[in-house]
Amino acid sequence: MKAFRKVFSLLAIASLLLLAACTGASTTSTSGGSKDNTMYIGLVNAPVSFNPINSSDIAAAWLEKFMFDTFLEMTSPLEFKPKLAESFETQDNQTFTIKINKNANWSDGKPVTANDVAFTMNLVANPKTETAVGAYLTVLDGLTDNGKFPDGVTEIPSLKIVDDKTIQFKTKKPVDPNMVKEQLGSKFMILPEHVLKDVAPENLQKDPFMQKPTVTNGPFTFVKYAKDQYIEYEKNKNYYLGDVQLNKMFVKIMPAANLVAQLQTGEIDMNAGAGIGKIAVQDFDTVKGFKNVETKTEKTYGYQNMSFNVEKMKDPKVRQAIAYAIDRQKIVDKLLKGQGEIVDGPYTSISPYLDKELKTYTYDPEKSKQLLKEAGWDFNKTIDFVVPIGNKVREQSADIIAENLKAVGLKINTTTYDFPTIMSKAKAGDYDLMLIGFSNTIDPDLTTIYGTGGSSNYTKYSNPKVDKLLTEGKQEPDMQKRKEIYNQLQTIWSEEMPIFTLYSDFDFSAVSKDVAVGGPKVFGFHNELYKWSLTGAK
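Residues numbered from 1 in each chain as written. Predicted model: local features only at pLDDT ≥ 70, side-chain atom pairs only at ≥ 80, totals over all residues. Heavy atoms only, no water.

(A) A look at the pairing of strand E19 (residues 507-512). Burial analysis of E19 places 6 of its 6 residues in the buried class, the great majority of the element. Residue alternation in E19 divides its side chains into two sets, Asp-507, Ser-509 and Val-511 and Phe-508, Ala-510 and Ser-512, and both sets are buried. (Buried < 20%, exposed > 50% of the residue type's maximum accessible area, 1.4 Å probe, protein only. Helix = DSSP H or I, 4+ residues; strand = E, 2+ residues; numbered from the N terminus.)

Following this line, the structure appears as structure tokens:
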């Protein structure tokens, strides 16, 4: 199997080199992709699909935003700029009105209308629809706490089409408007009703559109996905916000090590943001030395964690014991070379909702052994530890973690998989321990991860008190009161430990000097994509 993977990797790299030759990617830094006005971005995680309402993997959601516009773009923490929406307003923090850009069209020339918005939101609320964004609707009046239709309901009662370009909805109670603007404004993408209206909700994920979106409304249209190799886009010639400067965009999928080589040769113009185009920290200094690129480092709200399958690892004492056994400082110091931070709980240091008084799990092997003994752990039992490939630091951290766990007497079987396989295992609960990264929102709502039945609740964690607090947190408009609620949640999560957060590695981006406009950033990566350009482009 190892030999096969090695051969496969060589073939994949050869395919990427062939792609560069076929598409005009330069092998020198002086021209980059500018010969044919084509930009190239390097990515390490392959997408699972291109379904805007059912992408639980970060790579897919990131790639979709080249093709599908959100209503707003968050360009800095809780600062929003209009995109598909001309305005996104509320007067009472309960009734929200979205006015769609009057010039917004789908790529086939049909106008983007309020009917498309209603169609998409009703699809998400339909219990038969497989979706990863259902938590965004849980606050809407007339839906269940899971964001679904109650029995006998087929349309969201509080959703009102005012006119062709205006839609209105109402929440159960007044809420923090920034939560709605971030979740439904800057994360939610809509589908074309005229293309998908005849597809049964239960068949939507399997529809060919979700692998090859034929009608979109963003600055680029979909051309091709060569599986595990590249995604090809071309300019939307009728984009409503302005003329798209680039003719084409390629996002190339490759091992992290290849990002460095192709940045140097000019075969890619930049690495992807959002943690899915990570350059290994040991290569930072090398990349900083390239004369053809500019680099920067930013703190982020994304983090890596160890998820426990709580149906298999049932005792919180065992989960706490594992937390005490892991030397996170060694990961930050040795693997990240200080370019990151230890994270306790699901909020990093840039989050205003981080509880700085939260209990921390310092490295304490003796405490770990004590808790395992108290829990009556069977030391003959083998723990299935699954790790995704692609993020080099995460792969290396798995080695440190496995050594730590073996040092306290645990039997560990570590296996690695590509990201689509990891997602399949995560959803099926086919693991004991799993490494995975989350890139949440500045808003603190984490119903998708910790709520019973949440779309990203791979741990199968369920606590009625947590569900109640999550609902209260979403329905509380006052930020200080919300903070008190999320402090309570952080305390519970720290004790029950369905997820042990490990570290947040800083975003390191490298952009070719051939890029005149555009580049990776923690906030607003996709803002004004139509203005992205290359020097010397024809």
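Here the narrative resumes.
(B) The side chain of Lys-474, seen in detail. Within the fold, Lys-474 resides in helix H14 (residues 464-474). The side chain of Lys-474 is buried and forms no salt bridge, while Asp-445, the nearest opposite charge, is found at 4.6 Å. Of note is the side chain of Lys-474, whose polar atom sits 2.2 Å from the side chain of Thr-138. Non-local contacts of Lys-474, meaning those with residues more than four positions away in its chain, are made with Ala-135, Thr-138, Val-139, Val-175, Met-179, Asp-445, Thr-447, Arg-482 and Tyr-486. (Lys, Arg positive; Asp, Glu negative; His and termini not counted. Salt bridge = Lys/Arg side-chain N within 4 Å of Asp/Glu carboxyl O. Polar contact = N/O pair within 3.5 Å; in protein donor to acceptor, adjacent residues only side chain to side chain. Contact = heavy atoms within 4.5 Å.)

(C) Summary view of the packing of helix H8 (residues 316-325) against helix H10 (residues 365-374). Axis separation between H8 and H10 bottoms out at 8 Å; the angle between their running directions is 165°. One element, H8, and the other, H10, form an angle in the roughly antiparallel class. Handedness of the H8/H10 crossing: left-handed. Note on element contacts: H10 touches H8 through Pro-365, Lys-367, Ser-368, Leu-371, Leu-372 and Glu-374, opposite Lys-317, Val-318, Gln-320, Ala-321, Ile-322, Tyr-324 and Ala-325. (Axes fitted to C-alpha atoms, helices over the stretch in contact; angles between N-to-C directions. Parallel < 35°, antiparallel > 145°, perpendicular 65-115°, else oblique. Left-handed = near helix turned anticlockwise from the far one by under 90°.)

(D) View of helix H9 (residues 328-335). Regarding H9, the residues found buried are Arg-328, Ile-331, Val-332 and Leu-335. Axial view of H9: buried residues confined to an arc of 110°, hence all on one face. Downstream of H9 by a residue or two, Lys-337 has a phi angle that is positive, lying close to 50°. (Arc of directions from axis to C-beta.)

(E) Region of the structure containing the pairing of strand E7 (residues 166-170). Strand direction decides the pairing type here: strand E5 (residues 95-100) and E7, joined by 5 bridges, are antiparallel. Following the sheet pairing, Phe-96 is matched in E7 by Phe-169. Summarising the sheet, strand E6 (residues 160-163) and E7 pair through 3 bridges and their orientation is antiparallel. Directly across from Lys-160, in E7, lies its bridge partner Gln-168. Here E6 hands over to E7 after 2 residues, the two strands then running antiparallel side by side. (Pairing = 2+ DSSP bridges.)

(F) A look at the packing of aromatic side chains. Following the criterion strictly, the structure yields 23 aromatic pairs and no others. Here the aromatic rings of Trp-62 and Phe-66 are separated by 5.1 Å at their centres, their planes lie at 75°, and the arrangement is edge-to-face. Judged by its relative accessible area of 6%, Trp-62 is buried. The buried category is assigned to Phe-66, whose relative accessible area is 0%. Taken together through their ring pairs, the aromatic side chains of Trp-62, Phe-66, Phe-220, Tyr-233, Phe-525 and Trp-532 make up a single cluster. (Phe/Tyr/Trp six-rings, centres within 6.5 Å; stacked < 30°, edge-to-face > 60°.)

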